[in-house]
Protein chains: 2
Amino acid sequence: MVKLISVTGHTSLDYLLTVEKIIGPNQSSPILKCETNFGGGAANVAAGMAKLGGAVQLISPVGDDFVSSEYEKHLSELGVDLSRLYRMENEQLSKAFVITDRFSNQSTYFYWGAAGKLSSLEPPNVDFVHMSTADCFFNAKISESAGFVSFDPGQDLVTYKKEPLQTILKNTNLLFANRHEIKMVCDISGYTFEELKNMIDVIVVTYDKEGSILYSCGNVGFDGENIKIGQRREKTEIKIPPVLVQSVDPTGAGDAYKAGFLVAFTKGYSLPVCGKIGAVTASFVVEKIGCQTNLPDWVAMEKRYKEHFLESELVLK
Amino acid sequence: MVKLISVTGHTSLDYLLTVEKIIGPNQSSPILKCETNFGGGAANVAAGMAKLGGAVQLISPVGDDFVSSEYEKHLSELGVDLSRLYRMENEQLSKAFVITDRFSNQSTYFYWGAAGKLSSLEPPNVDFVHMSTADCFFNAKISESAGFVSFDPGQDLVTYKKEPLQTILKNTNLLFANRHEIKMVCDISGYTFEELKNMIDVIVVTYDKEGSILYSCGNVGFDGENIKIGQRREKTEIKIPPVLVQSVDPTGAGDAYKAGFLVAFTKGYSLPVCGKIGAVTASFVVEKIGCQTNLPDWVAMEKRYKEHFLESELVLK
């Protein structure tokens, strides 16, 4: 049986504008390339999981353009369960306008759209949830009732308040953060990194092209049907090497890593193998522009895994 | 019989982003308000004409999102003839991203999209054409075969070359420009304003809230079926007062003015009345955000005309 993972957070449209020049007030510039891509952290993770064969439902607010932009069709075809979406009339999907110049400088404008209503929504009871950034109050509520909580504080961390963040962290089993975010999590929550490592079963810190480190202090795993969270034992630090490829666009790599990690985790793989499957999944996404344009299925992931790591690790005991 | 007017130029989607702050490279800012509006000079003019009861066909390149954005439905419902569009697969509509801060500063990024192919297209033979900015080579070609040429050099003037601009001006019967554009037309073409006034039957120079001036040296008019272009006679200067209303968004005012002017012209109104009908039509558009959101029909235009000008002027002799 495949474990159902609920994913909450943003479903966004990303407008990627390559311009002659990033301009100031009262100026204009031509756009050399204009692409619209499916994005948003939650939808990226859900799409990545579904493509790998995971069972996933997306719990995310969407507006009228979810249908007209064909985003619904795209996620349906991937097999994401959309029955728990918050469909809001007269609202829009969240949107990111990413303006990039010839020297790879970027200016980003972000519109919350329908996701602005998250804080006032009542979350459903779910068993296994991955919370992909977005609203801290909604996440705090859902984390209190869920059986297993995976949390990615991500780009919205700047909007987080101390109290809901503390609530989330107390309920989190698995925390994903990059080196900047982990510092900000400590700053806002008031917890030290040592305290976080004692509270949270597994902390995954990603270091871009240098790979990731898993800090595990919990006896956590999956036995095929249930998540096992056993007694605390000695702390371990596991280094996961990166899977380096010709990178075209790093956007979406982090979300793909989480998708791969979580699908592997619910299949019952050990933490080091989950990290490696995450790294392999991410390596596909950076090869093409867009967060959901080059997601691997399980077979493609396995093939590349074997090129970088031991084939025997993919055999479940 | 209503004279068919062909309108060439851009059909665009306008993204109006109201932001906290216009940002530089490697910064990000939230978007407070995000609106997508139907725009593009040619489509604005065509929509305005159709709403006033004019007969209009749009000759403009469009991409796949012309249908998915419901722009096609919108123009069809207004009664614009879309049979002469250039429908391009795997292309996008032109797009303008207009970023406005709290102090009304604006940064504009413009994407040509399908309109980038205009220069290589063979224009159809048309009788009465209004060319709304866009590509100078396409416009030069269409101006050479058309029976009557109305020309709005507009925002793309910065891309115009001397030779095609001279060709256009030699064939132009009616030129619309604001005070900045008329200077740039002279600079690029090498013609003085005096020379332009001798070459072109009617030049309409708009001065925003101060109204417009019609410079006429041609015996030009419409007798119900045909445009009459008679012998040159003495030059006249006609001042058209503005129609001032509570303005919310000036975008699209110029296009609405042209739509009103041209529909009135083909109905057989005298030049001063054409100018006033243009000013009245524009006054509606500035009352709402978007270029095509508050277009008046002929009855609404007439009603406001009578509030500002003489009712008797609307009776055709």
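Structure report, in brief.

Here is what the cut-offs are and how they apply
Sequence order sets the numbering: in each chain, residues are counted from 1 along the sequence as written. Chain letters start at A and ligand numbers start at 1, both assigned in the order the entries are written. Selection of residues for local features in this predicted model requires a pLDDT of at least 70, selection of side-chain atom pairs for listing and counting requires 80 or more, and totals for whole chains, interfaces and linings are taken over all residues. To get the side-chain values, all heavy atoms of the structure are used, and hydrogens and water are removed first. A cavity, in this analysis, means grid points on a 1 Å lattice covering only the protein atoms where a 1.4 Å probe fits yet has no way out; a pocket is instead an open set bounded by protein on both sides within 12 Å along at least five of seven lines, and a residue lines either one if it has an atom within 4 Å of a point. Grid points are joined across faces, edges and corners, and a volume is the space filled by probe spheres set on the points. Ten residues, namely Ala, Val, Leu, Ile, Met, Phe, Trp, Tyr, Cys and Pro, are considered nonpolar, four, namely Asp, Glu, Lys and Arg, are considered charged, and the remaining ones, Gly among them, are considered polar. Strands were regarded as paired on the criterion that DSSP finds at least two bridges between them. The numbering of helices and of strands both runs from the N terminus, where a helix is a DSSP run of H or I of at least 4 residues and a strand a run of E of at least 2. Here, axes are lines fitted to C-alpha atoms. For helices the fit covers the stretch in contact, and angles between N-to-C directions go from 0 to 180 degrees. By definition, residues are in contact when any of their heavy atoms lie within 4.5 Å. Relative accessibility under 20% of the residue-type maximum defines a buried residue, over 50% an exposed one, and the middle range a partly exposed one, all with a 1.4 Å probe and only protein chains included. Working definition: rings of Phe, Tyr and Trp (its six-membered ring) pair if their centres are within 6.5 Å, and the pair is stacked with planes under 30 degrees apart, edge-to-face with planes over 60 apart, and tilted otherwise. In plain words, nonpolar cores are sets of buried Ala, Val, Leu, Ile, Met, Phe, Trp, Tyr and Cys residues tied together by side-chain atoms within 4.5 Å.

### What to know about empty space enclosed by the protein
It is the rolling of a water-molecule-sized probe over the atoms that shows where space remains empty.
Residues and elements named next belong to chain B.
And step 1. Scanning the model with the defined rule gives three cavities of 30 Å³ or more in all.
And step 2. Considered as a void within the structure, the largest cavity measures approximately 40 Å³ in volume.
And step 3. If you trace the largest cavity, you find it lined by Asp14, Leu16, Asn37, Asp249, Thr251, Gly290 and Cys291.
And step 4. Each residue belonging to the lining of the largest cavity can be placed in one class, and the counts come to two nonpolar, three polar and two charged.

### Focus on the sheet that holds strand 1 (residues 4-9) of chain A
Residues and elements named next belong to chain A.
And step 1. Overall, mixed pairing links the eight strands, which are arranged 4-1-9-10-11-12-13-16 in an open sheet. Every interior strand has two partners, whereas the edge strands, strand 4 (55-59) and strand 16 (236-240), have only one. On average, each strand axis in the sheet is tilted by 15 degrees relative to the strand beside it, whichever way the strands run.
And step 2. Pairing analysis gives five bridges linking strand 12 (residues 202-206) to strand 13 (residues 212-216), with the strands arranged antiparallel. Its bridge partner being in strand 13, Thr206 is matched across the sheet by Ser212.
And step 3. Across the sheet, helix 5 (residues 162-171) touches strand 9 (128-132), strand 10 (148-152) and strand 11 (174-178), and the angle it forms with strand 10 is around 130 degrees.

### Considering the environment of Leu85 of chain B
Residues and elements named next belong to chain B.
And step 1. Position of Leu85 among the secondary structure elements: in the loop between helix 3 (71-78) and strand 6 (86-87).
And step 2. Classification of Leu85 as buried rests on a relative accessible area of 10%.
And step 3. A C-alpha to C-alpha distance of 33 Å links Leu85 and Tyr215, two positions 130 residues apart in sequence.
And step 4. Setting aside its immediate chain neighbours within four residues, Leu85 contacts Leu58, Ser60, Val62 and Phe66.

### Focus on the packing of helix 1 (residues 41-51) of chain A against helix 3 (residues 71-78) of chain A
Packed helices, taken two at a time, are described by the angle between their axes plus the distance between the axes.
All names here are of chain A.
And step 1. At their nearest, the axes of helix 1 and helix 3 sit 8 Å apart, and the two run at 35 degrees to each other. Of the residues in helix 3, those touching helix 1 at Ala43, Ala47, Ala50 and Lys51 are Tyr71, Leu75 and Leu78.
And step 2. Grouping the constituent residues of the contact of helix 1 with helix 3 by class yields six nonpolar, no polar and one charged.

### Let's talk about the packing of aromatic side chains
And step 1. Within the structure shown, the criterion is met by 36 aromatic pairs over all chains.
And step 2. Ring centres 5.0 Å apart and planes at 55 degrees place the aromatic pair Tyr305 of chain A and Phe309 of chain A in the tilted group.
And step 3. In this structure Tyr305 of chain A comes out as buried when scored by relative accessible area, which is 0%.
And step 4. On the accessibility criterion, Phe309 of chain A (13% relative accessible area) is buried.
And step 5. Aromatic side chains Phe261 of chain B and Phe265 of chain B sit 6.5 Å apart centroid to centroid with 25 degrees between the ring planes, which places their arrangement in the stacked category. With Phe261 of chain B and Phe265 of chain B both in helix 8 (residues 253-267), this residue pair falls four residues apart, about one helical turn. Each member of the pair Phe261 of chain B and Phe265 of chain B is classed as buried.

### Some thoughts on the nonpolar core
And step 1. If you look at the biggest cluster of nonpolar residues, it comprises 136 residues, and the most contacted ones within it are Leu58 and Phe261 of chain A together with Leu58 and Phe261 of chain B.
And step 2. Discounting residues that sit within four places of it in the chain, Phe261 of chain B has contacts with Leu174, Phe176, Val204, Leu214, Leu271, Cys274, Gly275 and Gly278 of chain B.

### Quick look at the sheet that holds strand 3 (residues 27-39) of chain B
And step 1. Read around the barrel, eight strands follow the order 2(A)-3(A)-8(B)-7(B)-2(B)-3(B)-8(A)-7(A) and close on themselves; strand pairing throughout is mixed. Averaged over neighbouring strand pairs, the angle between their axes works out to 30 degrees when direction is ignored.

### Brief notes about the packing of helix 5 of chain A against helix 6 (residues 179-189) of chain A
Residues and elements named next belong to chain A.
And step 1. Interhelical geometry of helix 5 versus helix 6 gives an angle of 115 degrees and a closest axis separation of 8 Å. Residues Lys162, Leu165, Gln166 and Leu169 of helix 5 touch helix 6, and the partners they reach there are Val185, Ile188 and Ser189.
And step 2. Looking at the contact of helix 5 with helix 6 residue by residue, the classes come out as four nonpolar, two polar and one charged.

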